[in-house]
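# Summary of the model geometry
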Amino acid sequence: MPREIIRTDKAPQAIGTYSQAVKVGSTVYLSGQIPLDPATMDLVDGPMEAQIRRVFDNLQAVAEAAGGSLADVAKLNIFLTDLAHFALVNQVMAEYFSEPYPARAAIGVASLPKGAQVEMDAVLEL
């Protein structure tokens, strides 16, 4: 099956050897997003909640560029440098998703690119 590369200026540009997303058939694989402001490519300032929201906004922008939305997410992976933020992720996620929620993993990691505290990637089924 041919692969379609998904790209949007409404989300941070790839900072390595990867694409923002790749669509194969009706499945879209979204690369990890950290809380980068797409206009400046800098990490957002502010509390952890602002970082989490920026990540969801970035994922939403890439999902829309692929012809979908966060409602199409089948699987979401969340990477946190401090699992104490797990409850806050749940709280903010409830504003971006409605039931039935996607499958999900939340993983504690030692570090993330550019010193981010949160990163998420997703798989959409359109």
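The rules behind these values
- Residues numbered from 1 in each chain as written.
- Predicted model: local features only at pLDDT ≥ 70, side-chain atom pairs only at ≥ 80, totals over all residues.
- Heavy atoms only, no water.
- Buried < 20%, exposed > 50% of the residue type's maximum accessible area, 1.4 Å probe, protein only.
- Helix = DSSP H or I, 4+ residues; strand = E, 2+ residues; numbered from the N terminus.
- Pairing = 2+ DSSP bridges.
- Axes fitted to C-alpha atoms, helices over the stretch in contact; angles between N-to-C directions.
- Parallel < 35°, antiparallel > 145°, perpendicular 65-115°, else oblique.
- Left-handed = near helix turned anticlockwise from the far one by under 90°.
- Contact = heavy atoms within 4.5 Å.
- Nonpolar A, V, L, I, M, F, W, Y, C, P; charged D, E, K, R; others polar.
- Core = buried A, V, L, I, M, F, W, Y, C linked by side-chain atoms within 4.5 Å.
- Expected span 1.5 Å × (residues − 1).
- Salt bridge = Lys/Arg side-chain N within 4 Å of Asp/Glu carboxyl O.

## Focus on the pairing of strand S3 (residues 27-33)
- Across the seven residues of S3, five count as buried, placing the element largely inside the fold.
- Inspection of the sheet shows strand S2 (residues 21-24) paired to S3 by four bridges, in the antiparallel sense. Residue pairing for S3: Val 22 is matched across the bridge by Tyr 29.
- Pairing geometry for S3 and strand S6 (residues 118-125), over five bridges, is antiparallel. Opposite Val 28, over in S6, you have Leu 124 as the bridge partner.

## Structural notes on unusual backbone geometry
- Here the residue pair Glu 99 and Pro 100 is connected by a cis peptide bond, since its omega of 0° sits within 30 degrees of zero.
- Inspection of the secondary structure assignment puts Pro 100 in the loop between helix H2 (86-96) and strand S5 (103-108).
- The phi dihedral of Met 41 is positive, around 60°, even though this residue is not glycine.
- Judged by its relative accessible area of 22%, Met 41 is partly exposed.
- A positive phi angle, near 60°, is found at Lys 114, a position not held by glycine.
- With respect to the secondary-structure elements, Lys 114 resides in the loop between S5 and S6.

## Observations regarding the packing of helix H1 (residues 48-65) against H2
- The geometry of H1 relative to H2 is characterised by a closest axis approach of 10 Å and an angle of 40° between their N-to-C directions. Considered as vectors, H1 and H2 are oriented oblique to each other. Where H1 crosses over H2, the handedness of that crossing is right-handed. Taking contact as the criterion, the partners of Met 48, Glu 49, Ile 52, Arg 53, Phe 56 and Asp 57 in H1 are, on H2, Leu 88, Val 89, Val 92, Met 93, Glu 95 and Tyr 96.
- Tallied by class, residues from the contact of H1 with H2 come to eight nonpolar, no polar and four charged.

## Structural notes on the nonpolar core
- Counting residues in hydrophobic clusters, the biggest one holds 27 residues, and the most contacted among them are Leu 30, Ile 52, Phe 56, Leu 59, Leu 76, Val 118 and Met 120.
- Sorting the residues of this core by element identifies S3, H1, strand S4 (73-80), H2 and S6 as the ones contributing at least two each.
- Here this core takes eight residues from H1, the largest share from any one element.
- Those residues in contact with Leu 30, other than ones at most four positions away along the chain, are Gln 20, Ala 21, Leu 59, Val 62, Ala 63, Asp 121, Ala 122 and Leu 124.
- Counting five residues, the second largest nonpolar core, distinct from the first, contains Ile 34, Leu 36, Phe 79 and Ala 116.

## Re H1
- Taking 1.5 Å as the rise per residue, H1 with 18 residues should run 26 Å; its terminal C-alpha atoms sit 26 Å apart, in good agreement.
- Along H1, the positions that sit buried rather than exposed are Met 48, Gln 51, Ile 52, Arg 54, Val 55, Phe 56, Asn 58, Leu 59, Gln 60, Ala 61, Val 62 and Ala 63.
- On its buried face, H1 is in contact with strand S1 (3-6), S2, S3, S4, H2 and S6.
- Directly beyond the C-terminal end of H1, a positive phi value near 95° is found at Gly 67.

## Let's talk about the pattern of salt bridges
- The full count for this structure, using the stated rule, is three salt bridges.
- Here Glu 49 makes a salt bridge to Arg 53, at a shortest N to O gap of 2.8 Å. With a gap of four residues between them, Glu 49 and Arg 53 both fall in helix H1, about one helical turn apart.
- A relative accessible area of 29% means that Glu 49 is categorised as partly exposed.

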